[in-house]
Amino acid sequence: MVSRGRPVETTLGAGIARGMPRSIWNGTITFGLIAVPIKVHSAVEDRSVHFHQVHAKDGARIKQRRVCAKEGKEVPYKQVAMGYEIKNGEYVVLAKEEIVAAAGEQSRLIELEDFVGAGDIDPVHYDRTYYLGTGKNGHESYRLLHDALEKASRAGLGRWVFHNREYLVAVRALAGVLALHTIRFADELVEPGTLDIPGPSRAPSRREVQMAGQLVESLRADFDPQAFHDGYRERVLELIATKARGEEPAPTEEPEVVEAPDLAAALEASLAGGSRSSAGRGKGKPSRGESGAGKRPAGKSARGKTKSRR
Amino acid sequence: MARPLWTGSLSFGLVNVPVMLVTAVKDLDLHFRQLHEKDGSPIESQRWCPEDDAEVPYEEITRSYECADGTEVMISDLELEAVEPRRTRTIDIEQFVDLAEVDPIYFDHPYFLLPASADDGATRAYKLLTEVMGQTDRAALGRFVMRAKEYLAIARVRDGALTLTTMLFADEVRTAKDVDGATQKSHRPTSKQLNAAIAVIEELSCEWDSEKYKDRYRARLRSVVQRKRKGQTVMAPDAVKQPSPVPDLMAALEQTLAEMSDGPEGNGSSKRARQEAR
């Protein structure tokens, strides 16, 4: 398990002022007899470019129709049941309401039952993140829970029923507010210890380890999430903008392929200043400006020029 | 071992480590198929053109983007392919960072990177990288292309295995500044309240043990399916559970602490044991 420090607050989020969307769930967090009314907001924004399917010939938007395989006729959603396949083509049929029953109590409560070290939950368990805002008359208890979690460096664990499903969640202090993470269960994760990783016939030499250590240190930088942006999304949006202006999109260039020498030689050459992905720049921390779109093999310069949307 | 989702090499400087990517997450969800209630036959999805009032074969479908002003721009497969990232088969490590600096909010989907083959070259390079990264608790940041999408990823060592997690981009994470986090001075707890709240938290504290928490939803859903299979009825969910109103904050804190220290029945650990037994 890794030990983790407190999050660096200033690096969190892009800070693009779009405002917080409406809450997706309202309820109460409890610890002991203390009740904290909260509102749940998604902390993550889906920014991928979404398209509609259209009929190429007339541009009409394609509709998905539910059709009965036997009758070939459209089936309204009301008449849809859920089938769990037990044998090939043999189903246990459940009404949609019966699946809802599995969610358990339709609770508006998140009871924090256990508290653990906030850094002790390995990040592989973190699934989705939500921010918690204060609910009605809840300002003081909200601040109290936040400050206590922060001061104790703890995260509270509880169960959350959301969209007819019960989740394990961790609540912690993050960037001045409370954040809630859905947590992956242990049995959903592959244990690294169960992987049968083949080992080499002889261990890397001390010199190799030392050189590799130096190489790692030479590429050491502070984490700056703002330095990375989704180049693919930007290119798709640029393509759309070009087409919207009635222009033809420009063709892209092929990257160069570089052959790599053997391990020790590669380490030496890397430390001597060569780097496949930063040819000519040599040692030292990657510079801020370049670590985002710019740090690319020379042949990919066409992509490197993609406009930054920061 | 799971089928590799991607094979290529992890490169830092001029060193290449031949690796394959396998998933670190098992899908244990129960999957259902939509059926027509009346006759139990499977529901199929049909692409339908409302203009023609007819089914449309896949080849006749293209995509369109709706601009903010409502105009539609049609984009063909070829045009989209042209801007897709090249399948470079490399994860270029751009920098090494301290793992503690990267808040888990950026973590998306976990995978493992394993040596692509059992030959000595691949396994030695892999061993070298995991040893060096493990010693320093460094994580590697890099990008790679999988299924025509470019990912930012973080790789770190757990139990001698490289764990790679795809990451969210900064602009996909909302800023916490817009959240109503009760930050006014008047909302601040008194030190007495804060100390009492920390005492409650410490009383309920334990070591993180991932095995302790089970997916009760999955278990219940499985039992619902079992009961249905035997022809039994399934109960509707219980009524909505609401918290009972509590007195003021300090009274709630004091009452909680009093109950916790009130004999063996009332202490924190046995309370948890009772809750688990439910």
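Conventions we followed
Residues numbered from 1 in each chain as written. Chains lettered and ligands numbered in written order. Predicted model: local features only at pLDDT ≥ 70, side-chain atom pairs only at ≥ 80, totals over all residues. Helix = DSSP H or I, 4+ residues; strand = E, 2+ residues; numbered from the N terminus. Buried ≥ 20, exposed ≤ 12 C-beta atoms within 10 Å, placed from the backbone. Contact = placed C-beta atoms within 7 Å. Nonpolar A, V, L, I, M, F, W, Y, C, P; charged D, E, K, R; others polar. Pairing = 2+ DSSP bridges. Expected span 1.5 Å × (residues − 1). Core = buried A, V, L, I, M, F, W, Y, C linked by C-beta atoms within 7 Å. pLDDT = per-residue confidence, 0-100. Axes fitted to C-alpha atoms, helices over the stretch in contact; angles between N-to-C directions. Parallel < 35°, antiparallel > 145°, perpendicular 65-115°, else oblique. Left-handed = near helix turned anticlockwise from the far one by under 90°.

Moving on, we come to the overall build of chain A. Scanning chain A from terminus to terminus reveals seven helices and 12 strands. Per-residue burial over chain A gives 40% buried out of 310 residues. For chain A, long-range pairs separated by at least 24 residues make up 64% of all intrachain contacts whose partners lie at least 6 apart in sequence.

Turning our eyes to something else, we now look at the interface of chain A and chain B. Listed per partner, the contact involves 163 residues of chain A and 153 residues of chain B. Broken down by element, the residue count for the side of chain A that touches chain B peaks at 12 residues, all from helix α2 (residues 139-152) of chain A. When grouped by side-chain class, the residues that make up the side of chain A that touches chain B number 88 nonpolar, 40 polar and 35 charged. Two strands pair when backbone bridges link them, and strand β4 (residues 63-68) of chain A and strand β4 (residues 43-49) of chain B are joined in this way by six bridges, in the antiparallel orientation. Directly across from C68(A), in β4(B), lies its bridge partner I43(B).

Here the focus is helix α4 (residues 231-244) of chain A. With 14 residues, α4(A) should reach 20 Å at 1.5 Å per residue; the first-to-last C-alpha distance of 20 Å fits that figure. Looking one or two residues past α4(A), G246(A) carries a phi angle of roughly 80°, positive in sign.

Attention now moves to the nonpolar core. By size, the foremost hydrophobic cluster in this structure holds 113 residues, and its most contacted members are L145(A) and L113(B). Ignoring any residue separated from it by four or fewer positions in sequence, one finds L113(B) in contact with L10(B), V19(B), L21(B), A155(B), L162(B) and L164(B). A102(A), L35(B), V224(B) and V225(B) belong to the second-largest nonpolar core, a separate cluster that totals 14 residues.

We now examine the confidence of the model for chain B. All names here are of chain B. Overall, the prediction assigns chain B a mean pLDDT of 88, with 89% of residues at 70 or greater. pLDDT under 50 marks residues 264-278. Its contacts with residues more than four places away, or in other chains, come to 11 contacts. What the predictor reports for the complex is a pTM of 0.83 with an ipTM of 0.88.

Here the focus is the sheet that holds strand β5 (residues 80-87) of chain A. Read across the sheet, three strands follow the order β6(A)-β5(A)-β3(B) without closing on themselves; strand pairing throughout is antiparallel. A single partner strand is all that each edge strand has here, and the edge strands are β6 (90-94) of chain A together with β3 (33-36) of chain B. The mean angle between the axes of side-by-side strands here comes to 50°, regardless of whether they run parallel or antiparallel. As paired elements, β5(A) and β6(A) share five bridges and run antiparallel to each other. In the sheet register, K87(A) faces β6(A), and the bridge partner there is E90(A). Each of β5 and β6 of chain A is contacted by helix α4 (residues 216-229) of chain B, which is oriented at about 105° to β6(A), the strand it contacts most.

The next thing to look at is the packing of helix α3 (residues 206-218) of chain A against helix α2 (residues 120-136) of chain B. The interhelical angle for the contact between α3(A) and α2(B), taken along N-to-C directions, is 60°, at an axis separation of 9 Å. Taken together, the axes of α3(A) and α2(B) lie oblique to each other. Between α3(A) and α2(B) lies a crossing whose hand is right-handed. Contacts from E208(A), V209(A), A212(A), G213(A) and V216(A) in α3(A) reach L128(B), L129(B), E131(B), V132(B), M133(B) and T136(B) in α2(B). Among the residues forming the contact of α3(A) with α2(B), the class breakdown is seven nonpolar, two polar and two charged.

Okay, the sheet that holds strand β12 (residues 161-167) of chain B next. Residues and elements named next belong to chain B. What the seven strands build is a closed barrel, ordered β1-β2-β9-β12-β11-β10-β8; its pairing is mixed. The sheet shows a mean angle of 40° between the axes of neighbouring strands, direction not considered. Note: strand β11 (residues 149-158) against β12, seven bridges, orientation antiparallel. Following the sheet pairing, V157 is matched in β12 by L162.

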